[in-house]
Amino acid sequence: MDIGLSGYQWVLLSQTNPAPEELKDRFGEVFAQVLYNRKDLFDKDFSEDYIVPQLKNLINPSYFYSLEEVAIKLVDSIKKQKRIVIYGDYDADGITSTALLVNFFRDIKVPVKYYIPSRFTEGYGLNKEAIKSISDTADVLIVVDSGTNAIEELLYAKSLGLEVFVLDHHEPSDFWIDKNPLTFDSSIHIINPKFYDDEKINLMFKHLATVGIAFYLISLIRRFLNIEDIKLRNYLDIVAIGTIADIVPMSFINRVMVKTGLEEINKKNRIGITKLREVASIQRDVNTQDIAFMIAPRINAAGRLADARKSVKLLTTKDEISATFLANELENLNKKRQKITDNVLKEAELEISKYPLESAIVLGRENWHSGVVGIVAGKLVEKYKIPTVILSIENGKAVGSARSVSKVNIYKALDKCKHLFEKFGGHSAAAGLTINSDKIQEFRYALNQTVKEVAEEKPWAVKEIDMEVPLSYWDKGKVLQLYQLAPFGEKNPYPKFIDRNLRVDFFSVYGKNLVILDLRDKNKKVFTVKCWKGQDIVNQIYVGSIIDIVYTPEISNYKGIESIEFTIDDIKIVK
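A short tour of the structure in this document, coming up. This one's a predicted model, so the numbers in the text were calculated from it and none came from an experiment. (Residues numbered from 1 in each chain as written. Predicted model: local features only at pLDDT ≥ 70, side-chain atom pairs only at ≥ 80, totals over all residues. Heavy atoms only, no water.)

All right, on to the sheet that holds strand S10 (residues 421-426) then. Read from one edge of the open sheet, five strands run S7-S8-S9-S11-S10, paired in mixed fashion. Of all the strands in the sheet, the pair left with one neighbour each is strand S7 (361-365) and S10. Strand-to-strand twist across the sheet, computed as the mean angle between neighbouring axes with direction ignored, equals 15°. Where S10 meets strand S11 (residues 430-436), five bridges bridge the pair, whose relative direction is antiparallel. Paired with Phe-424 across the two strands is Leu-433, which belongs to S11. Across the sheet, helix H18 (residues 373-384) is in contact with S7, strand S8 (388-394) and strand S9 (397-403); its angle to S8 comes to roughly 150°. (Pairing = 2+ DSSP bridges. Helix = DSSP H or I, 4+ residues; strand = E, 2+ residues; numbered from the N terminus. Axes fitted to C-alpha atoms, helices over the stretch in contact; angles between N-to-C directions. Contact = heavy atoms within 4.5 Å.)

Moving on: the nonpolar core. Ranked by internal contacts, the top residues of the largest apolar core, which has 137 residues, are Phe-105, Ile-142, Phe-215, Tyr-216 and Ile-253. Element by element, the count of residues in this core is highest for helix H17 (residues 320-352), at ten residues. Sequence-distant contacts of Tyr-216, defined by excluding residues within four places in its chain, comprise Leu-58, Ile-59, Asn-60, Pro-61, Phe-64, Leu-67, Phe-205, Leu-208, Ile-253 and Met-257. Formed by 26 residues, the second largest nonpolar core is a distinct cluster that contains Ala-360, Val-362, Ala-413 and Ala-431. (Core = buried A, V, L, I, M, F, W, Y, C linked by side-chain atoms within 4.5 Å. Buried < 20%, exposed > 50% of the residue type's maximum accessible area, 1.4 Å probe, protein only.)

Looking now at helix H7 (residues 92-107). Taking 1.5 Å of rise per residue, 16 residues should cover 22 Å, and H7 covers 22 Å from first to last C-alpha, within 8% of that figure. Across the 16 residues of H7, 14 count as buried, placing the element largely inside the fold. Two residues or fewer after H7 comes Lys-109, characterised by a positive phi angle close to 65°. (Expected span 1.5 Å × (residues − 1).)

And the structure:
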């Protein structure tokens, strides 16, 4: 059994999931195995058009079950000049979905307003007070990134005379088990691909973030209004950000939209995103990791600490002065968010020591900022490798976020505890909930039991690795072959490989995290590799150590000089 210094067990997919010979004959052994490891995302369709994402191959929106019917109704409202308000959400998917629709409606000269609830005073999803206020100035309410399970609120909106359109990707509750959202109510139109998994084509839309659903909707509105001068690819920069930030599986549709969206971002046509790049000091072409770790946190910072409308304004403004001001605001909020996160994380670590670690972590305190509990939960999952819920308590109510490991569907685990909650929602990897503070202890016990019930298998903390491939295998052409599978992301990770019995000839530490190592293989060839987890390894290796590594090959272009670069993901000390 291989267990790295990270604490994760290494699982070789080439052993558990060997590629068929036919695929190896077509693509070569290594690329065939990498491709086959992602066969569920590709639905076993290994044609060139499906492997290499291109906008021309994006699946026709007419195949999206019920979307045409809903688009026609919305177009009818537009033609009748009905007043439209978009009800968004304060995370990156909700923010980008709102911004996408606002930009599109403004571009086609349709007046539109938007509303984003406060994380601190209203919480997640629809609320009646906001709906009542909106109904005074709207005829049509478009709800994005929530609403699927807000039945009472949706019916209340209808009672006030609003026609409601819901674009969402969260898991439907038990309420919908024997009901069809299309026939639920004539004034409430719900588009959520999680409802429809009975046909192969519908499964292809199942992994869309809400911003992806919104993009498919505007593509049909454009078609039905016969607007030829609006170029859909211009909106994919916003789609790419929301899709990456929401950590949805990087399926074919999402890969097409993200790849094209990154191209649009790098054209620097949207002033708000360009200014955000500047404050984040991103000078090269933006990639998926830049979005995940630099752009998205700044967009999220507004909703975590202040007002998410700042981020919507940034993504919808065309004024350079306004964009500069807003980008700097988000930068300052993100710095503040980082400090708050560090403080809460330290306190959470102290709390953990008070309870024996079982199958899950559940922690709550009154002084923890509700805007960072999700981030803290994610960091604790990475360290302790079990599902984690972090709660912010105020006036007897606890609002929190859950994060999980790959083998535990946290939504299903929480669903078994739902009798304890005022409300909850989410998906397999992340969820949010509200609970009375006096029920936290009971919840802690219940979640430790339900996690065991829904977990796929042990160990839950595994690092899936494509196959064993020596460092000496790689050249530029072979790495470029891997890049055909980009953009990488959830369920389509950067390919990882193992090389074994490498001798540490030399290593040096740069700053707090970066370690550069010279590794000698059995043929006496030396490779220089980098590791960004320096603090975890620097005290455990020495010159002469024999190690196995998990690594990713990349093409580096430093000062115009191309070379093959290797980044270590994990290390196992052999001797």
